[in-house]
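Letter by letter, the chains look like this.
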Amino acid sequence: MQVDHICLIHFRNYDKLDFIPHQRANVIVGRNAQGKSALLEALYFLSTSKSHRTNRDSELIQLGSEYARASANVRRETRPDITIEIALSRVQGKSCLIDNKKKNRLPDFVGQLNVVIFSSFDVEMVRGEPALRRRFLDLELSQISAHYLYALSRYRRTLEQRNRALKLVNIGQAHLKTLEPLDQLLATYGASVMVKRGEFLAKLNITAQEAYRGLAAGNEMLEVNYKPCVPMAGGGPEEVMRSLLNGLAEKRDVDIVRGSTSIGPHRDDVEMRINGVGVRDYASQGQQRSTALALKLAEAMIVRESVGESPVLLLDDVCAELDMQRRSGALAFAARGFQSFVTTTSLEELPVGVLGEVGVFEVSAGAVTQL
Amino acid sequence: MRFAKPLAKLVAEFEKLPGIGPKSAQRLAFHILRISDDQARALAEAVLDVKERIKTCPVCFNFTDQELCEICADPERDHSLLCVVAEPRDVAAVEKTNEYRGLYHVLGGVISPMDGIGPDALRIQELFARLADGTVREVILATNPTIEGDTTAMYIAREIRSTFGDNVRVTRIAHGMPVGSDMDYADQATLIHALQWRREI
Ligand SMILES: [Zn+2]
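Please read all numbers here as calculations on a predicted model, not as lab measurements.

With that settled, consider the overall build of chain A. A count of helices and strands for chain A gives twelve helices and 15 strands. Taken over the C-alpha trace, chain A has a radius of gyration of 22 Å; the compact-globule value for 371 residues is 21 Å, and the two agree within 12%. Considering only C-alpha atoms, chain A reaches an extent of 70 × 55 × 35 Å along its principal axes. Within the structure as shown, chain A displays about 15300 Å² of accessible surface, and the carbon and sulfur contribution to it stands at 49%.

Written as structure tokens, this is what we have:
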């Protein structure tokens, strides 16, 4: 799929932008804080309804403005073309529109424009806390599976209710029986979430191995493994549900005292190893960066396979994160049939030739000009 | 702009109503000023009337102006069938379909620990008192398909099974597609829900 027109109004430092990108590769060059990343952020925002840099939507609205608007025309191969738009207002919040029709439910909006982004945050995902890796799983799976997004949101709501019920039971204000249906629901939706994560990570493992080989020198081998909160046995929804129910029952007393649920996919993790050694704790920075990039490129392949067309690739400031060899690897990958947006502070540092057909644009103080 | 006192008071009262913001409240108040005295009196009387005469049915807890509500009092209806709903408005919704001929039981809410609502805050004891004499053979749980509605349905289903065993059949209403909607991507969440629940209860 391709974005063939981007409009921004009062978005970050863009007062008003009308931008027609190149169908294939777009190299966006500019000094820091000129709006390079904000352009990629806008595309990511249109895809997921969230920013990858902040949890607060209001930060996306230009200082001194009351509202912001981002829209893009998306040309798609297997589905009809669409215009996708998000309007943000400091007072009225967020509206997500497709072809000018407001979508009130997230599953009706997310996944219409597919993007895969690589930025410094992804390196954090490799070396940081498990929550960052779960966030990665949630974001990626939400894009390719409406079922996942649904099960996840139901799971979260059930978890909130159960945690509150635990606290009430602890102070004698609720009966133990109240927990039973909540355990059942938590296990049902938790199992859906975990089965999908398991399937996704099995695929990601194979694809990331291949992507990693294209990035790293020598014969390093990357492995990506799911570390579920409970044993998944045969791996079917029923077995996982039973496994979760057992876990919840076992930990019930502890959970009541703590007032929180200690078993469930909200405690999952993903383990990455290079030649059998843990990437998070023992790998070099270069290996960690290659791992993060390999995961993202693998994700792009998986999205392509499950959606049936190529997602838009967003590579934010690859020069800061990757050495020359890995930059070449990343750009060579992008040239394999993706529309891409690559930001850099300097053209010399980027092996632009690898990209093939390319449009080069300069961003300065919220304005984009073709070079 | 500041309104004359009686007008300001009316605007303030309208603003207390659910879903009415300051603008709508003003529009309604100005509308009242324009209508005839008779119309205004009819409206005021209807408001007072509803407060004086509408009570809850002592059996099903639906709203009624009778001692016993019309549905409970109707001998033509199937007294062996009981549809459990959260609110009186859900009774109206099921009645509108003209498909259901049994009786109702209004719980007065759903279980939601986050809102401090447990089973004891609902009319679940009253439900079990109704089931005790053996007239009711089937209970249809028709709470909404939210987490709270599902929690409530599952809670009641378990309790009925442990108290009455196989003597009372328990089913969960098939929350399906809204009428007239096409089964495209927009309805995926509903579809998935239906699938998720297909073997449940
Ligand atoms: Zn009644």
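That covers the picture; the talk isn't over yet.
All names here are of chain A. Counting residues in hydrophobic clusters, the biggest one holds 75 residues, and the most contacted among them are Leu204, Leu222, Val224 and Leu295. Residue contributions to this core peak at 14 residues, all from helix H6 (residues 179-213). Of all hydrophobic cores here, the second largest spans 40 residues; its members include Leu39, Leu40, Val115 and Val363.

A few words on the pairing of strand S5 (residues 138-141) of chain B. Residues and elements named next belong to chain B. Burial along S5 is two-sided: the residues Glu138 and Ile140 and Val139 and Leu141 are all buried. Of the pairings in the sheet, the one linking strand S3 (residues 78-85) to S5 comprises four bridges and is parallel in character. For cysteine 83, the partnering residue across the bridge sits in S5 and is isoleucine 140. Of the strand pairs in this sheet, S5 and strand S6 (residues 169-172) are connected by four bridges, and their pairing is parallel. Pairing of valine 139 across the sheet is with valine 170, part of S6.

It is worth spelling out the side chain of glutamate 140 of chain A at this point. Its location among the elements puts glutamate 140 of chain A in helix H4 (residues 130-144). If sequence neighbours within four positions are ignored, glutamate 140 of chain A has contacts with Phe200, Lys296 and Glu299 of chain A.

All right, on to the coordination of the zinc ion then. Ideal geometry at a metal gives 109.5 degrees between four tetrahedral donors and either 90 or 180 degrees between six octahedral ones. Residues and elements named next belong to chain B. Around the zinc ion, the protein contributes the donor atoms Cys57 (SG), Cys60 (SG), Cys69 (SG) and Cys72 (SG), at 2.2 to 2.4 Å from the metal centre. One way to put it: the four donor atoms around the zinc ion meet at angles of 103 to 116 degrees, and that makes the site tetrahedral. Look at where the donors of the zinc ion fall in the sequence and you get C-x2-C-x8-C-x2-C. Taken together, the residues cysteine 60 in the loop between strand S1 (55-56) and strand S2 (63-64) and cysteine 72 in helix H4 (residues 70-73) connect sequence positions twelve residues apart.

Residue and element names in this part refer to chain A. One can describe the packing of helix H3 (residues 120-127) onto helix H10 (residues 285-307) by two numbers: an axis separation of 9 Å at closest approach and a directional angle of 110 degrees. Classified by the angle their axes make, H3 and H10 are roughly perpendicular. On H10, the residues that touch Asp122, Val123, Met125, Val126 and Arg127 of H3 are Gln285, Gln288, Arg289, Thr291, Ala292, Leu295 and Lys296. Residue classes in the contact of H3 with H10 are distributed as five nonpolar, three polar and four charged.

With that out of the way, let us pick up the packing of aromatic side chains. Residues and elements named next belong to chain A. Tallied over the entire structure, the rule returns seven aromatic pairs over all chains. For the ring pair phenylalanine 11 and phenylalanine 45, a centre distance of 6.1 Å and an interplane angle of 45 degrees mean the geometry is tilted. Taken as a pair, phenylalanine 11 in strand S1 (residues 2-11) and phenylalanine 45 in helix H1 (residues 36-48) lie far apart in primary sequence, 34 residues in all. Look at phenylalanine 11 and you get buried, because its relative accessible area is 1%.

With that settled, the discussion passes to the sheet that holds strand S14 (residues 358-364) of chain A. Residues and elements named next belong to chain A. Strand order in the open sheet formed by six strands is S8-S12-S13-S3-S14-S15, and the pairing between neighbours is mixed. Every interior strand has two partners, whereas the edge strands, strand S8 (115-118) and strand S15 (367-370), have only one. On average, each strand axis in the sheet is tilted by 20 degrees relative to the strand beside it, whichever way the strands run. Sheet topology note: the strand S12 (residues 312-315)/strand S13 (residues 340-344) ladder contains three bridges and is parallel. What sits directly across from leucine 313, in S13, is serine 340. In the packing of helix H12 (residues 324-334) onto the sheet, contacts are made with S12 and S13, and the angle to S12 comes to roughly 160 degrees.

Before going further, it helps to examine the sheet that holds strand S4 (residues 102-106) of chain B. Residue and element names in this part refer to chain B. Strands sit in the order S4-S3-S5-S6 across an open sheet of four strands; the sheet is parallel. Strand pairing shows two members of the sheet lacking a second neighbour, S4 and S6, which therefore form its edges. Strand after strand, the sheet turns through a mean of 25 degrees between neighbouring axes, direction not considered. Running over the sheet, helix H5 (residues 88-96) touches S3 and S4 and is turned about 155 degrees from S4. Each of S3, S4 and S5 is contacted by helix H6 (residues 124-131), which is oriented at about 150 degrees to S4, the strand it contacts most.

The domain architecture assigned to chain B consists of domain 1 (5-53) and domain 2 (76-180 + 189-194). Distance from the C-alpha centre of domain 1 of chain B to the C-alpha centre of domain 2 of chain B: 35 Å.

All names here are of chain A. In terms of burial, strand S3 (residues 25-29) is a largely internal element, five of the five residues being buried. What you see with S3 is no split at all: Ala25, Val27 and Val29 on one side and Asn26 and Ile28 on the other are buried throughout. Of the pairings in the sheet, the one linking S3 to S13 comprises five bridges and is parallel in character. Among the inter-strand pairings, asparagine 26 is bridged to a residue of S13, identified as phenylalanine 341. Relative to S14, S3 is paired through five bridges, and the arrangement is parallel. Bridge pairing links asparagine 26 to glycine 359 in S14.

Residues lying three or four places apart along an α-helix face the same way, a consequence of the helix completing one turn every 3.6 residues. Residues and elements named next belong to chain B. Turning to helix H1 (residues 5-15), its buried residues number three or more, namely Leu7, Val11 and Phe14. Relative to the axis of H1, the buried residues are bounded by an arc of 60 degrees and lie together on one face. Exposed and facing more than 90 degrees away from the buried side of H1 are Lys5, Pro6 and Lys9. Tucked inside the fold, the buried residues of H1 contact helix H2 (22-34).

Counting across every chain of the model gives 34 salt bridges over all chains. In this structure, the salt-bridge partner of arginine 156 of chain A is aspartate 138 of chain A, at a minimum N-O distance of 3.1 Å. Placement of arginine 156 of chain A in helix H5 (residues 146-170) and of aspartate 138 of chain A in helix H4 is noted, with a sequence separation of 18 residues between them. Ionic pairing is found between glutamate 180 of chain A and arginine 158 of chain B, a salt bridge with its closest N-O pair at 3.3 Å. Pair noted here: glutamate 180 of chain A is in helix H6 and arginine 158 of chain B is in helix H7 (residues 147-164), and the two residues belong to different chains. Since its relative accessible area comes to 31%, glutamate 180 of chain A is described here as partly exposed. Taking the relative accessible area as the measure of exposure, arginine 158 of chain B reaches 32% and is therefore partly exposed. A single network of salt bridges, built from pairs that share partners, joins Asp122, Glu140, Lys296 and Glu299 of chain A.

Rules used in this analysis
- Residues numbered from 1 in each chain as written.
- Chains lettered and ligands numbered in written order.
- Predicted model: local features only at pLDDT ≥ 70, side-chain atom pairs only at ≥ 80, totals over all residues.
- Heavy atoms only, no water.
- Helix = DSSP H or I, 4+ residues; strand = E, 2+ residues; numbered from the N terminus.
- Rg over C-alpha atoms; globule rule 2.2 N^0.38 Å.
- Areas by Shrake-Rupley, 256 points an atom, 1.4 Å probe, with all protein chains shown as cover.
- Core = buried A, V, L, I, M, F, W, Y, C linked by side-chain atoms within 4.5 Å.
- Buried < 20%, exposed > 50% of the residue type's maximum accessible area, 1.4 Å probe, protein only.
- Pairing = 2+ DSSP bridges.
- Contact = heavy atoms within 4.5 Å.
- Donors = N, O, S within 2.8 Å, 3.2 Å for Na, K, Ca; no water.
- Tetrahedral: all angles 85-135°; square planar, octahedral: opposite > 155°, others 65-115°.
- Axes fitted to C-alpha atoms, helices over the stretch in contact; angles between N-to-C directions.
- Parallel < 35°, antiparallel > 145°, perpendicular 65-115°, else oblique.
- Nonpolar A, V, L, I, M, F, W, Y, C, P; charged D, E, K, R; others polar.
- Phe/Tyr/Trp six-rings, centres within 6.5 Å; stacked < 30°, edge-to-face > 60°.
- Domains from an automatic or database assignment.
- Arc of directions from axis to C-beta.
- Salt bridge = Lys/Arg side-chain N within 4 Å of Asp/Glu carboxyl O.

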